[in-house]
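Descriptive structure summary
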Amino acid sequence: MKLIMLGAPGAGKGTQAAKICEKYNIPTISTGAIIRNAIRNATDIGKQAKSLIDKGLLVPDEVVIGIIKERLAEPDCKNGFILDGFPRTIAQAEALETMGISIDKALSIEVPDEVILDRLGGRRECSECGATYHVHFNPSKDGDKCEKCGGALITRPDDCEETIMSRLKVYHETTEVLKEFYENKGKLVKIDGDRDVEEITKDVLDSLD
Ligand code: ADP
Ligand code: ADP
Ligand code: ZN
């Protein structure tokens, strides 16, 4: 099963991808997480990406396409995968096709812009394993520590109001058109993401059965 998660920043792509991953045991590949890791390790890609991420702008297509090519060649991807945060441009979507990868479904988690600010403003991410929480909507049972691994929970630097606004703009101007791209291929599934996590998960899993 080869899936794409579409939706605005903060729509709940990562949260729902984790549920799919649990049920089908296929890896979630988050280009954002890979890039943040590269920034922490101060690699060439990390150095190139840092100022762009901090401004809420996209990292160049050739960089993320390179990341994805390398990651999808790993053995754990051979039974399928969930792409979270890739593709974000038509050029990236076309690159997947050029690689000979045929997607089964693109799930678009639909959430109005007004909801996004609260979601991202309260998001906390585990600095060790990348698990995401929310201070009100999905708090960790262990307070400021990750339930899964005990890592410290942090606020991502790009989850500040100014950067959220620029990420939303980029989403509407550049990424949202991918819904049409996958709709034209008969692959798009729209999911109402403005509900409780469990209700959304039910629709997500039903759409994959
Ligand atoms: P969110 O989960 O809030 O949508 P991500 O973790 O997916 O955020 O991405 C964080 C940042 O990483 C983006 O704002 C962008 O700068 C960069 N990024 C991640 N994926 C891509 C991509 N496919 N193309 C270009 N930039 C990307
Ligand atoms: P994305 O991967 O699309 O950027 P996340 O899955 O990281 O989004 O979710 C963004 C924030 O909103 C996180 O703090 C997450 O815990 C929270 N969240 C996710 N889904 C819901 C929901 N249905 N209702 C309320 N909060 C949610
Ligand atoms: Zn953790």
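Shown above is the structure to which this text applies.
Residues numbered from 1 in each chain as written. Chains lettered and ligands numbered in written order. Predicted model: local features only at pLDDT ≥ 70, side-chain atom pairs only at ≥ 80, totals over all residues. Heavy atoms only, no water.

Every buried residue of helix α3 (residues 44-55) is listed here: Gly46, Ala49, Leu52 and Ile53. Taken end-on, α3 shows its buried residues confined to a sector of 135°, consistent with a single buried face. Away from its buried face, by an angle of more than 90 degrees, α3 presents the exposed residues Asp44 and Lys47. Elements that come into contact with the buried residues of α3 comprise α2 (31-40) and α7 (161-175). Following α3 by one or two positions, Gly56 has its phi on the positive side, about 80°. (Buried < 20%, exposed > 50% of the residue type's maximum accessible area, 1.4 Å probe, protein only. Helix = DSSP H or I, 4+ residues; strand = E, 2+ residues; numbered from the N terminus. Arc of directions from axis to C-beta. Contact = heavy atoms within 4.5 Å.)

Now for the sheet that holds strand β8 (residues 188-192). Across the sheet, which stays open at both edges, the 5 strands sit in the order β2-β3-β1-β4-β8 with parallel pairing between neighbours. Because the sheet does not close on itself, it has two edges, and the strands there are β2 (28-30) and β8. This sheet shows a mean twist of 25° between the axes of neighbouring strands, independent of strand direction. Two strands pair when backbone bridges link them, and strand β4 (residues 105-110) and β8 are joined in this way by 5 bridges, in the parallel orientation. Bridge pairing in β8 places Ala106 opposite Leu188. (Pairing = 2+ DSSP bridges. Axes fitted to C-alpha atoms, helices over the stretch in contact; angles between N-to-C directions.)

Take the site of ligand 1 next. In the neighbourhood of ligand 1, 19 residues make up the surrounding shell, with Thr31, Arg36, Leu57, Gly85 and Arg167 lying closest. In this structure, an oxygen atom belonging to ligand 1 sits 3.3 Å away from a side-chain N or O atom of Lys13. The separation between a nitrogen atom of ligand 1 and a polar side-chain atom of Gln92 is 2.9 Å. Considering ligand 1 on its own, with 560 Å² of exposed area, one finds that the protein chains cover 97% of that surface. Among the elements that line the shell around ligand 1, the one with the most residues is α2, at 4 residues. Residue composition of the shell around ligand 1, by class: 8 nonpolar, 4 polar and 7 charged. (Near = heavy atom within 4 Å. Polar contact = N/O pair within 3.5 Å; in protein donor to acceptor, adjacent residues only side chain to side chain. Areas by Shrake-Rupley, 256 points an atom, 1.4 Å probe, with all protein chains shown as cover. Nonpolar A, V, L, I, M, F, W, Y, C, P; charged D, E, K, R; others polar.)

This part is about the pattern of salt bridges. Under the definition given, this model contains 18 salt bridges. Note that Glu97 is salt-bridged to Lys185, the shortest N-O span being 3.2 Å. Pair noted here: Glu97 is in helix α5 (residues 90-98) and Lys185 is in the loop between α8 (178-183) and β8, with a separation of 88 residues, a long-range link. Owing to a relative accessible area of 39%, Lys185 belongs among the partly exposed residues under this scheme. Put simply, Asp206 and Lys202 hold a salt bridge, and the shortest N to O gap is 2.8 Å. (Salt bridge = Lys/Arg side-chain N within 4 Å of Asp/Glu carboxyl O.)

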